[in-house]
Amino acid sequence: MLVRRPGQRPEDLGEGLDHVRGRLCEPVGDPTADRVLAAGRFQVEFLAVVTDVVGEPNAPHYGTLLLAGAHGIAAMELSGHLGTGMLRTTADALIDTLVRMVAAAGDAT
């Protein structure tokens, strides 16, 4: 869909595909802007999922909690702190617990 076949001009693909290609690919040649756009699209989709679980007023709070927790858990796993010594747990187990806690908070609202 994003790569054109030999002999096809971009205008032959139609306006709908131009819109999709633009949202996925622009701005061309600016990796920082690409990452910012991708992060923005991710946040919108992510908050929509969190909103379904905890409701609109609570979504930013619990969404931030989930992201911060996931980032911290990933950092601990990458640094080797999980599964050794006193902690003896896994990143997957911690993420499962965090998601269950947020889901329970959503059920309580």
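Sequence order sets the numbering: in each chain, residues are counted from 1 along the sequence as written. Reporting of local features is limited, given that this is a predicted model, to residues whose pLDDT is at least 70; pairs of side-chain atoms are given and counted only at 80 or more, and all residues count toward the totals for whole chains, interfaces and linings. Just so you know, side-chain values use all the structure's heavy atoms and leave hydrogens and water out.

Thoughts on the overall build of the chain
Move 1: Note on conventions: DSSP H or I runs of at least 4 residues are helices, E runs of at least 2 residues are strands, and numbering of each starts at the N terminus. Within the chain, the secondary structure is distributed over four helices and zero strands.
Move 2: Counting from the amino terminus, the chain carries its helices and strands in the arrangement α-α-α-α.
Move 3: Each residue is assigned to one of three classes by its accessible area relative to the maximum for its type, calculated with a 1.4 Å probe on protein chains only: buried under 20%, partly exposed between the two thresholds, exposed over 50%. When burial is assessed residue by residue, the chain has 17% of its 109 residues classed as buried.
Move 4: In this analysis, two residues are considered to be in contact whenever any of their non-hydrogen atoms come within 4.5 Å of each other. For the chain, contacts bridging at least 24 residues in sequence account for 30% of all contacts bridging at least 6.
Move 5: The method behind every accessible area is Shrake-Rupley, applied with a 1.4 Å probe, and residues are considered shielded solely by the protein chains displayed. With an accessible surface of roughly 8100 Å², the chain has 62% of that area assigned to carbon and sulfur atoms.

Digging into unusual backbone geometry
Move 1: Non-glycine residue Arg88 carries a positive phi angle of around 35°.
Move 2: Within the fold, Arg88 resides in the loop between helix H3 (59-79) and helix H4 (91-108).
Move 3: In this structure Arg88 comes out as exposed when scored by relative accessible area, which is 66%.

Digging into H4
Move 1: Multiplying 1.5 Å by the residue count of a helix minus one yields the expected span of that helix. Between its first and last C-alpha, H4 extends 26 Å over 18 residues, near the 26 Å set by a 1.5 Å rise per residue.
Move 2: All buried positions along H4 are accounted for by Ala91, Leu98, Val102, Ala105 and Gly106. Projected down its long axis, H4 carries its buried residues within an arc of 105°, all on one side. For H4, the exposed residues lying more than 90 degrees away from the buried face are Asp92, Arg100, Asp107 and Ala108. An arc is given here, and it is the one of the directions from the helix axis to the C-beta atoms.

Here's the deal with the nonpolar core
Move 1: By nonpolar core we mean a set of buried residues, namely Ala, Val, Leu, Ile, Met, Phe, Trp, Tyr and Cys, connected to one another through side-chain atoms within 4.5 Å. In terms of nonpolar packing, the biggest core is built from nine residues, these being Phe46, Val50, Val54, Ala59, Tyr62, Leu66, Leu98, Val102 and Ala105.
Move 2: Elements supplying a minimum of two residues to this core: helix H2 (31-54), H3 and H4.
Move 3: In contact with Tyr62, not counting residues within four places along its chain, are Val50, Val54, Val102 and Ala105.

Describing the confidence of the model for the chain
Move 1: One number per residue, pLDDT, summarises how confident the predictor is, and it ranges from 0 to 100. Predicted confidence across the chain gives a mean pLDDT of 78, with 72% of residues reaching 70 or more.
Move 2: For the chain, helix H1 (residues 15-25) is the element with the lowest average pLDDT, namely 57, and H3 is the one with the highest, namely 93.
Move 3: A low-confidence stretch, residues 1-7 (pLDDT under 50), is modelled with eight contacts involving residues beyond four sequence positions or located in other chains.

Observations regarding the packing of H2 against H3
Move 1: Axis definition: a line fit to C-alpha positions, over the contact stretch in the case of helices; interaxial angles, taken between N-to-C directions, run 0 to 180 degrees. As a packed pair, H2 and H3 sit with axes 9 Å apart at the nearest point and diverge in direction by 115°. In this view, H2 runs roughly perpendicular relative to H3, as classed from their interaxial angle. For the pair H2 and H3, the crossing hand works out as right-handed. Contacts between H2 and H3 involve Phe42, Phe46, Leu47, Val50, Thr51 and Val54 on the former and, on the latter, Ala59, Pro60, Tyr62, Gly63, Leu66 and Leu67.
Move 2: Taken together, the residues of the contact of H2 with H3 sort by class into 10 nonpolar, two polar and no charged. Working definition: roughly parallel below 35 degrees, roughly antiparallel above 145 degrees, roughly perpendicular at 65 to 115 degrees, and oblique for all remaining angles. Here a crossing is taken to be left-handed if its near helix is turned anticlockwise relative to the far helix by less than a right angle, and right-handed if that turn runs clockwise. Gly counts as polar in this scheme, as do all residues outside two lists: the nonpolar Ala, Val, Leu, Ile, Met, Phe, Trp, Tyr, Cys and Pro, and the charged Asp, Glu, Lys and Arg.

Re the environment of Val99
Move 1: Along the polypeptide, Val99 turns up in helix H4.
Move 2: Judged by relative accessible area, which is 44%, Val99 ranks as partly exposed.
Move 3: Placed 33 residues apart in sequence, Val99 and Leu66 show a C-alpha to C-alpha distance of 7.3 Å.

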